[in-house]
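# Coordinate inspection notes
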Amino acid sequence: MRLLFMSSLALTLHETRMGVDLADQLAPAGVTSHFVIDAYNEDQLRHTAHTYTTVTSALGSRVRDDVADVVREFRPDALVLCDYTAHWMTHVISYDTDPWYVEDFGVPVIPIDLYDLTRTGREVEILGRTMQVSDRILDMPAHLWPVPGVRPHADPDGPALPYRADPTVTPLSRDARREVRRSLGVADGDRLLAIPALPWQHLMQTRAGPATRALAGRVPELVAHYLSKLPKETRFLFVGPVFDGFESLPADRVVRRPTYTSREYTDLLGASDGVMSLFLPSFALERAILADVPGLFTLNSFAIDAGATGTGAGELEEAFGGLSPEVRAWLASHPGPIPPFHMWPLRWTGVVGPLLEDNPFTDTALRTELFDEESVVAGVEAVLYDPVVRDTLAAGRAAFRDALDRLPPTAEVFMTAAERAGARG
């Protein structure tokens, strides 16, 4: 069988990594794969056995012609969308073209669905615009679910087919972990907290609507205040772009890795004592389950001072049992209403919120509210230092990995999807 993987999203490794992982798992079953990727991910493909073609948003609607050439030359039996939502979003926003030209080639299309879109909402925020993700997936007979990320269980009569993602990610050996930590300048007695961010989040400081721009620019300042309260043995590993606001932390306790390969990313997480994510879904927290590293994520469940239905500082104080002076001052100086959000600095609450329901992922990491300073600080400290909390989260990760081990072999799952989609090969 010959598969063409589509991954045109820029400024992130995650979606392409999902496709490469699936292609790697299918190769022993005799599957040959070719990728259409954004040039940002060329280095990731260069170090695999798979062939690839690069595209950029400068092509605009001419991307159709480039992909048509690939289809004509490679002759795939099926097209795999490395992330259905990203495929739709990139073509609509960056290429300004109909994403579903891929159906004109007469080749079955199989989506990887990172958001369980048949069960969640489809309203998303993109560059300050509220949009609905295309409902085309609702008519597709097979949806691939990479786990971790989506739940490891699905309706047996539904289109979703969970499969184990990235089985090569395992806990680092003691020696490998020590080597990575020493390369970062982390002493044996220190605790290392990894804090991931993505280039597109940095871009939101200038490219998004006013509310999103404000959150992109100001949240790091608040988080830095929280981190400054952690024990002095705590070191901070910022993986991704450099945000203003974090510079207030002591320079000798900060390690920055603005660029990295996919392998380096996994090693950095595996060498950490904990992961703190400001957004969901979090590739870092998904990998942390496999690397056996505890995590914590923050979100905001409240519409704050957003008109008649908004929540004022007084109501937040009641919900949290009090607000710290720093949070109160931060909220008072914010330039406008603050919406609920899961995917800082974007909202995406209708998509990501339901993704957490009935999902054992929630047993593998602590959940905190961003504006509840006591909860966030205590939660991060517990993830790093509290043996009871660390043991509880370790049990949650072990249970999740047990669920992964019960999934059918990935090649078997994919062949079921291919058969449902009508692929031959």
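Details of the structure are given in the entry above.
Conventions used here
Residues numbered from 1 in each chain as written. Predicted model: local features only at pLDDT ≥ 70, side-chain atom pairs only at ≥ 80, totals over all residues. Heavy atoms only, no water. Pairing = 2+ DSSP bridges. Helix = DSSP H or I, 4+ residues; strand = E, 2+ residues; numbered from the N terminus. Phe/Tyr/Trp six-rings, centres within 6.5 Å; stacked < 30°, edge-to-face > 60°. Buried < 20%, exposed > 50% of the residue type's maximum accessible area, 1.4 Å probe, protein only. Lys NZ or Arg CZ within 6 Å of the ring centre and 35° of its normal. Axes fitted to C-alpha atoms, helices over the stretch in contact; angles between N-to-C directions. Parallel < 35°, antiparallel > 145°, perpendicular 65-115°, else oblique. Contact = heavy atoms within 4.5 Å. Nonpolar A, V, L, I, M, F, W, Y, C, P; charged D, E, K, R; others polar. Expected span 1.5 Å × (residues − 1). Arc of directions from axis to C-beta. Salt bridge = Lys/Arg side-chain N within 4 Å of Asp/Glu carboxyl O.

With that out of the way, let us pick up the pairing of strand E6 (residues 123-126). Where E6 and strand E7 (residues 129-132) come together, four bridges link them in antiparallel fashion. Bridged to Val 124 within E7 is Met 131. Between the antiparallel neighbours E6 and E7 lie two residues, among them Leu 127 with a positive phi of about 55°.

Turning to the packing of aromatic side chains, a few remarks are in order. By the definition in use, this model includes 11 aromatic pairs. On the basis of an interplanar angle of 25° and a centroid distance of 6.0 Å, the ring pair of Phe 297 and Phe 361 is categorised as stacked. Pair noted here: Phe 297 is in strand E14 (residues 295-299) and Phe 361 is in the loop between helix H12 (349-355) and strand E15 (365-369), with a separation of 64 residues, a long-range link. Judged by relative accessible area, which is 1%, Phe 297 ranks as buried. Relative accessible area serves as the criterion here: at 6%, Phe 361 is assigned to the buried category. Site record: aromatic cluster; members linked through ring pairs are Tyr 260, Tyr 265 and Phe 283. Lying across the ring of Phe 74, Arg 2 places its NZ or CZ 4.2 Å from the centre. Note that Arg 218 overlies the ring of Trp 330, its terminal NZ or CZ placed 4.4 Å from the centroid.

Our next topic: the packing of helix H7 (residues 210-227) against helix H11 (residues 325-332). Between H7 and H11, the shortest axis-to-axis distance is 11 Å and the interhelical angle comes to 170°. Compared by their axis directions, H7 and H11 come out roughly antiparallel. In this structure, H7 uses Leu 215, Arg 218, Val 219, Glu 221, Leu 222, His 225 and Tyr 226 to contact H11, whose residues at the interface are Glu 326, Val 327 and Trp 330. Taken together, the residues that form the contact of H7 with H11 break down as six nonpolar, one polar and three charged.

Glancing now at helix H14 (residues 387-405). The terminal C-alpha atoms of H14 lie 26 Å apart, and with 19 residues this matches the ideal 27 Å at 1.5 Å per residue to within 8%. Among the residues of H14, Leu 393, Gly 396, Arg 397, Phe 400, Ala 403 and Leu 404 are the ones counted as buried. The arc enclosing the buried residues of H14, seen along the axis, measures out at 110°, which places them on a common side. For H14, the exposed residues lying more than 90 degrees away from the buried face are Pro 387, Val 388, Asp 391 and Asp 405. Looking at the buried residues of H14, the elements they touch are strand E8 (143-147), strand E9 (160-164), helix H9 (283-291), E14, E15 and helix H13 (373-385).

Right, let's get into the pattern of salt bridges. As enumerated under the stated definition, the model contains 20 salt bridges in all. Among the salt bridges present, the one from Asp 116 reaches Arg 151, with a minimum N-O distance of 3.0 Å. Residue Asp 116 is found in the loop between strand E5 (109-111) and E6, and its partner Arg 151 is found in the loop between E8 and E9; the two are separated by 35 residues along the sequence. Side by side, Asp 116 and Arg 151 carry an identical accessibility label, which is buried. In this structure, Arg 164 engages Asp 405 in a salt bridge whose closest nitrogen and oxygen atoms are separated by 2.7 Å. One end of the pair, Arg 164, is in strand E9; the other, Asp 405, is in helix H14, with 241 residues separating them in the sequence. Arg 164 sits in the buried class, given a relative accessible area of 19%.

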